[in-house]
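Chain by chain, the residues run as shown.
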Amino acid sequence: MPINVFEPKSQFINQKNQIINAVKKVFKSGNYILSKEVLKFEKKFSVLHQAKYGIAVKNGTDAISISLKVLGVKKGDEVITTSHTALATIAAIISTGAIPVIVDIDKDFYTINTNLIEKKITNRTKVIIPVHIYGQCADMQKICKIAKKYKLFVIEDCAQAHGAKISNKSVGSFGHISTFSFYPTKNLGAIGDGGIVLTNNSKLEKKIRKFREYGWDHQRRADNPGINSRLDEVQASILNIKLKKFSFSKKKRISIANKYLSEIKNKNIKLPKVKQNTTHVFHIFSILTKNKKKFVKYLIKNKVFPGFHYPILAHQNKGYSRFCKFKKSELNYSNKISKFQVSLPIYPELSNKNINNIINLINNYK
Ligand SMILES: *Cc1c(COP(=O)(O)O)cnc(C)c1O
């Protein structure tokens, strides 16, 4: 049996009866949009991340672009972030007319290099978007300090970091706003699309809630325009079921990662590092290897199908370059990681037998 980098179906199979019952209940209820299940999910998910408010939306990209919009970001404004991220982060920024300003990543942890942020700040800079890439926490204390000094907003892109923590404080509770995706392969995944925006600021919460649905208030009147980006009741009901097992799934991912970290021993493979005093939730278990082509061929020959995050940096995409502000010579580590990076299979349902297979395979690689 092939082993894939992600296996979203295994989570459905694992909770099949509960998921089908939950979905049936929604079908029979006749309430399909912004009803009980969405409200319940918004409450539970925001509590889990120590945030006061949660506003569920259609996907993680919308979560970011809505956040930028309600913070007043306009055409020509600048948003500082990394391009060693899902294309979604950059797509969301560009969709608002703002300019992604690309900063290099930290050499060991792959999150934004906070020493490089200040010199990129101009009078057009409005927001910093740190990405908790692979499930590793960005250096939020430092980022928030810089943001405060220059009066900038911080949006945490938590799409890969559900449940990650710095000391005992959850990601998503540091910035002014934080965004999550429930794309099926994420650490909490829907069976379809989903996303959420979290905030502790009641004014922002109201703006986001209105913007999500045409700009409507409780009386269905709109003082400002909005869009339609609602999470639906069916996806919310599935997420509510999966949320019950979330803490178990998170522990499972971490334990698989720890097994890889302690048992993979091969001088051709560089294992990931975890920042001190943080909980890395290992959305992706990312290794580096000099001869990537050879290593990948070897894995595939042995029926292990790895992933790549990301062989093309966001700003290198043909359709994106001209919208981004970057200097190629300043992106040393982003470039390096994109060349040598391989993602090993990791998901809570990965069997011990398969984990051991992968470890043995890698240890025997020459
Ligand atoms: C998945 C992801 C998103 C958003 O994804 P959607 O597909 O729109 O839900 C945003 N940022 C990062 C880093 C991601 O991994």
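Residues numbered from 1 in each chain as written. Predicted model: local features only at pLDDT ≥ 70, side-chain atom pairs only at ≥ 80, totals over all residues. Heavy atoms only, no water.

**Quick notes on the overall build of the protein**
Then, in step 1: Within the protein, the secondary structure is distributed over twelve helices and 14 strands.
Then, in step 2: The globule rule puts the C-alpha radius of gyration for 366 residues at 21 Å, and the 20 Å found for the protein is close to it.
Then, in step 3: Over its C-alpha atoms, taken along the principal directions, the protein stretches across nearly 65 × 55 × 40 Å.
Then, in step 4: Expressed as a percentage of the 366 residues in the protein, the buried residues total 54%.
Then, in step 5: When contacts within the protein are restricted to residue pairs at least 6 apart in sequence, those whose partners lie at least 24 apart make up 71%.
Then, in step 6: Of the roughly 17,200 Å² of accessible surface on the protein, a fraction of 53% belongs to carbon and sulfur atoms.
Then, in step 7: Placing the 65 positive and 23 negative side-chain charges of the protein at their respective mean positions leaves the two points 6 Å apart. (Helix = DSSP H or I, 4+ residues; strand = E, 2+ residues; numbered from the N terminus. Rg over C-alpha atoms; globule rule 2.2 N^0.38 Å. Buried < 20%, exposed > 50% of the residue type's maximum accessible area, 1.4 Å probe, protein only. Contact = heavy atoms within 4.5 Å. Areas by Shrake-Rupley, 256 points an atom, 1.4 Å probe, with all protein chains shown as cover. Lys, Arg positive; Asp, Glu negative; His and termini not counted. Charge placed at Lys NZ, Arg CZ, Asp CG, Glu CD.)

**Brief notes about unusual backbone geometry**
Then, in step 1: Backbone torsion omega between His309 and Tyr310 reads 10°, so that peptide bond is classified as cis.
Then, in step 2: Mapped onto the elements, Tyr310 comes out in the loop between β13 (304-305) and α11 (332-340).
Then, in step 3: At Tyr134, a residue that is not glycine, the phi angle is positive and equals roughly 65°.
Then, in step 4: In this structure, Tyr134 sits in the loop between β5 (125-128) and α6 (140-149).

**Quick word on the sheet that holds strand β10 (residues 195-199)**
Then, in step 1: Taken in spatial order, the seven strands make up an open sheet running β2-β10-β9-β6-β5-β3-β4, and their pairing is mixed. Lying at the two open borders of the sheet, with one neighbouring strand each, are β2 (53-57) and β4 (99-102). Averaged over all pairs of adjacent strands, the angle between their axes in this sheet comes to 25°, without regard to strand direction.
Then, in step 2: Each of β5 and β6 (153-157) is contacted by α6, which is oriented at about 155° to β6, the strand it contacts most.
Then, in step 3: Most of the contacts of helix α7 (residues 202-212) go to β2, to which it runs at about 15°, and overall it touches β2, β9 (177-181) and β10. (Pairing = 2+ DSSP bridges. Axes fitted to C-alpha atoms, helices over the stretch in contact; angles between N-to-C directions.)

**Digging into the pattern of salt bridges**
Then, in step 1: Scanning the entire structure with this criterion turns up twelve salt bridges.
Then, in step 2: Glu213 is the partner of Arg230 in a salt bridge, and the nearest nitrogen-oxygen pair spans 2.9 Å. You can see Arg230 sitting in the loop between α7 and α8 (233-244) and its partner Glu213 sitting in the loop between α7 and α8, a full 17 residues away along the chain. Glu213 matches Arg230 in its accessibility class, with the two residues each being buried.
Then, in step 3: Between Lys327 and Glu330 there is a salt bridge, with the nearest N and O atoms lying 3.9 Å from each other.
Then, in step 4: Taking relative accessible area as the criterion, Lys327 reaches 49% and is therefore assigned partly exposed. (Salt bridge = Lys/Arg side-chain N within 4 Å of Asp/Glu carboxyl O.)

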